[in-house]
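# Chains, contacts and geometry: an overview
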Amino acid sequence: MTEIIVVTSGKGGVGKTTTSASLATGLAMAGKKVAVIDFDVGLRNLDLIMGCERRVVYDFVNVIHGEATLKQSLIKDKRHENLYVLAASQTRDKDALTQEGVEKVLDELGKEGFDYVVCDSPAGIEKGAHLAMYFADHAVVVVNPEVSSVRDSDRILGLLSSKTRRAERGDGAIAQHLLLTRYNPARVAIGEMLSVKDVEEILGINVVGVIPESENVLAASNAGVPVILDEQSNAGHAYRDTVARILGEERPLRFVDVAKKGFFQRVFGG
Amino acid sequence: MGILDFLKRKPEPTATVAKERLRIIVAQERSTRGAPDYLPLLRNELLEVIKKYVHVDIEAININVERDSGHEVLELSVALPDGKPATSSAG
Ligand SMILES: Nc1ncnc2c1ncn2[C@@H]1O[C@H](COP(=O)(O)OP(=O)(O)OP(=O)(O)O)[C@@H](O)[C@H]1O
Ligand SMILES: [Mg+2]
């Protein structure tokens, strides 16, 4: 059985592509056969974050239109032999993706023995986002501790439980995982940022992980290496924990508290 | 200036304000999810009418559309405040 995971958010720029790249890589590190698909037609990005941009020959839309086979279009990851990337097309044609086309590609990936297909959704709630979530078994809803992102993620949670194939067929609910990213414990501590608990309470769902705000994320994208592979960074470790939890392991949350201050700092501030 | 600052009451942390605003808007949007577009307007007009009789906040009005064997039912609930009704001087 192939499990389809959509990474979605509603609001743009919250970390979906960053998360898709690290999630797909993390699943591959756990020995799974994984494909990660960029659904952001027109704005190809995942290839850069995965570091395979110069090896894109055919893309998702080429496969759907029968201009290339799936095998020709899947780009094998340099670091993990059981990980493949399917790039987004750069066409400006908004109707390039069709429901039948997406279904055909996902079915074929199933026949090829993939364990997981990670779908990197575009922002918004339009067609591309709809198609990315429609066939999903799991959803990772990426949210930032910020009002508009939290509100949008509630919209998305609503759509996941009504506008997906599972919902329409009554096949049982999609497994929903809330991932809080760009978290800054220091700002939370002084009341400038919503806390993990705040976000959980507002949305009525617990987080599957918390990814701290980290400079290493930019460095990782500069290098084209998913941040989960950065052993020096808290964000990387937080992604590893998250992937383990999605695979059913229990792990405590890390990097959610400010590092304890010494006595003098407590007394004199700073 | 240091002492003045010390005496000033601390403002509410912005995160607390954010949480309260979100709590309200998320509850409201959930209650009308998938429902006809006129519901928010209807809710506002109902509030105006209800306010003539009793002081309630828009938060107190909950509108739901239930789908039930082929037909839709508009469900409306108003949480009345404890105690005193509004003086009927509204108009
Ligand atoms: N944990 C983090 N710490 C610091 N920066 C981050 C973090 N996560 C993501 N970013 C940065 O935020 C920006 C947006 O990230 P990303 O492209 O993953 O978002 P997205 O949701 O895919 O955006 P879009 O909606 O445009 O597809 C990038 O510059 C990325 O480096
Ligand atoms: Mg993206």
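Along each chain, residues carry numbers from 1 onward, in the same order as the chain's sequence is written. By the order in which they are written, chains take letters starting at A while ligands take numbers starting at 1. In keeping with the model being predicted, local features are shown solely for residues with a pLDDT of at least 70 and side-chain atom pairs are shown and tallied solely at 80 or more, while totals for entire chains, interfaces and linings include all residues. In computing side-chain values, all of the structure's heavy atoms are included and hydrogens and water are not.

### Some words on the overall build of chain B
- Where helices and strands are cited, they refer to DSSP runs of H or I of at least four residues and of E of at least two residues respectively, numbered from the N terminus. Helix and strand counts for chain B stand at three helices and two strands.
- Accessibility here uses a 1.4 Å probe with only protein chains present; expressed as a share of the type maximum, an area under 20% marks a residue as buried, one over 50% as exposed, and anything in between as partly exposed. Split into buried and exposed, the 91 residues of chain B put 20% on the buried side.
- Any two residues whose heavy atoms approach within 4.5 Å at even a single point are treated as in contact. For chain B, restricting intrachain contacts to residue pairs at least 6 apart in sequence, the fraction spanning at least 24 positions comes to 40%.
- Only the protein chains shown count as cover for residues, with accessible areas throughout obtained via the Shrake-Rupley method and a probe of 1.4 Å. Of the roughly 7,200 Å² of accessible surface on chain B, 57% is carried by carbon and sulfur atoms.

### Quick notes on unusual backbone geometry
Residues and elements named next belong to chain A.
- Even without being glycine, Arg182 reaches a positive phi, approximately 60°.
- By secondary structure assignment, the location of Arg182 is in strand β7 (residues 175-183).
- The partly exposed category is assigned to Arg182, whose relative accessible area is 41%.
- The backbone of Phe255 sits at a positive phi, close to 60°, despite the residue not being glycine.
- Topologically, Phe255 is positioned in the loop between α12 (234-246) and α13 (263-268).

### Topic: the sheet that holds strand β2 (residues 34-38) of chain A
Residues and elements named next belong to chain A.
- The criterion for strand pairing is that DSSP finds at least two bridges linking the strands in question. Taken together, the eight strands give an open sheet; going across it, the order is β3-β4-β2-β5-β1-β6-β7-β8, and neighbouring strands pair in mixed fashion. The sheet is open, and its two borders are formed by β3 (75-76) and β8 (207-212), each paired with just one other strand.
- Inter-axis angles, ranging from 0 to 180 degrees, are taken between N-to-C directions of lines fitted to C-alpha atoms, where helices are fitted over the stretch in contact. On the sheet, helix α1 (residues 16-29) packs against β1 (3-8), β2, β4 (83-86), β5 (116-120), β6 (138-143) and β7 and is oriented at approximately 170° with respect to β5.
- Against the sheet, helix α7 (residues 147-160) touches β1, β6 and β7, its axis set at about 165° to β6.

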